[in-house]
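Notes for the structure review
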Amino acid sequence: FVVTSVETIGDIQASCEVSGLPITGPDAESRIQGGLLADGLNSILAVLMTSPPNTTFSQNNGVIAITRCASRAAGIACCAW
């Protein structure tokens, strides 16, 4: 879980950077803590269901950088698609 935690921190910071959000300060720390918590809980849930642990996807950072769209609504629409 250590390796995926380090990857999650980097992915969250990269997502914030390409989205134009601050990557330092209390808001950034809150995002990182929330991302680590979600990643850890999802990984525990996956392991309980005899699946490998999950991790964040750095491909999303490239999509945000190319499209300049960091909207949560767009992400939810893609999930529903």
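In short, a report on the structure. Quantities reported herein were computed from a predicted structural model and do not represent experimental measurements. (Residues numbered from 1 in each chain as written. Predicted model: local features only at pLDDT ≥ 70, side-chain atom pairs only at ≥ 80, totals over all residues. Heavy atoms only, no water.)

We now examine the packing of helix H1 (residues 2-19) against helix H2 (residues 26-48). At a closest axis distance of 10 Å, the pairing of H1 and H2 adopts a crossing angle of 135 degrees. Accordingly, the angle class assigned to the pair H1 and H2 is oblique. As H1 runs across H2, the sense of the crossing is right-handed. Touching Thr 4, Ser 5, Thr 8, Ile 9, Ile 12, Gln 13 and Cys 16 of H1 are Arg 31, Ile 32, Gly 35, Leu 36 and Asp 39, all from H2. Looking at the contact of H1 with H2, its residues break down into five nonpolar, five polar and two charged. (Axes fitted to C-alpha atoms, helices over the stretch in contact; angles between N-to-C directions. Helix = DSSP H or I, 4+ residues; strand = E, 2+ residues; numbered from the N terminus. Parallel < 35°, antiparallel > 145°, perpendicular 65-115°, else oblique. Left-handed = near helix turned anticlockwise from the far one by under 90°. Contact = heavy atoms within 4.5 Å. Nonpolar A, V, L, I, M, F, W, Y, C, P; charged D, E, K, R; others polar.)

Another aspect to go through is a nonpolar patch on the surface. Together, Leu 37, Leu 41, Ile 44, Leu 45, Leu 48 and Met 49 give the surface a local cluster of nonpolar side chains, amounting to about 660 Å² of exposed area. Relative to the assigned elements, Leu 45 resides in helix H2. (Patch = residues over 30% accessible without salt bridge, like charges linked within 9 Å, V, L, I, M, F, W, Y side chains within 5 Å. Areas by Shrake-Rupley, 256 points an atom, 1.4 Å probe, with all protein chains shown as cover. Salt bridge = Lys/Arg side-chain N within 4 Å of Asp/Glu carboxyl O.)

Okay, the layout of surface pockets next. Of the pockets and cavities examined, the largest pocket occupies roughly 810 Å³. Contributions of two or more residues to the lining of the largest pocket are made by H1, helix H3 (59-67) and helix H4 (72-80). For the lining of the largest pocket, the element with the most residues is H1, which contributes five residues. Looking at the lining of the largest pocket residue by residue, the class counts come to ten nonpolar, seven polar and three charged. (1 Å grid on protein atoms, 1.4 Å probe; cavity = no way out; pocket = protein on both sides within 12 Å on 5 of 7 lines; lining within 4 Å. Points joined across faces, edges and corners; volume = space filled by probe spheres on them.)

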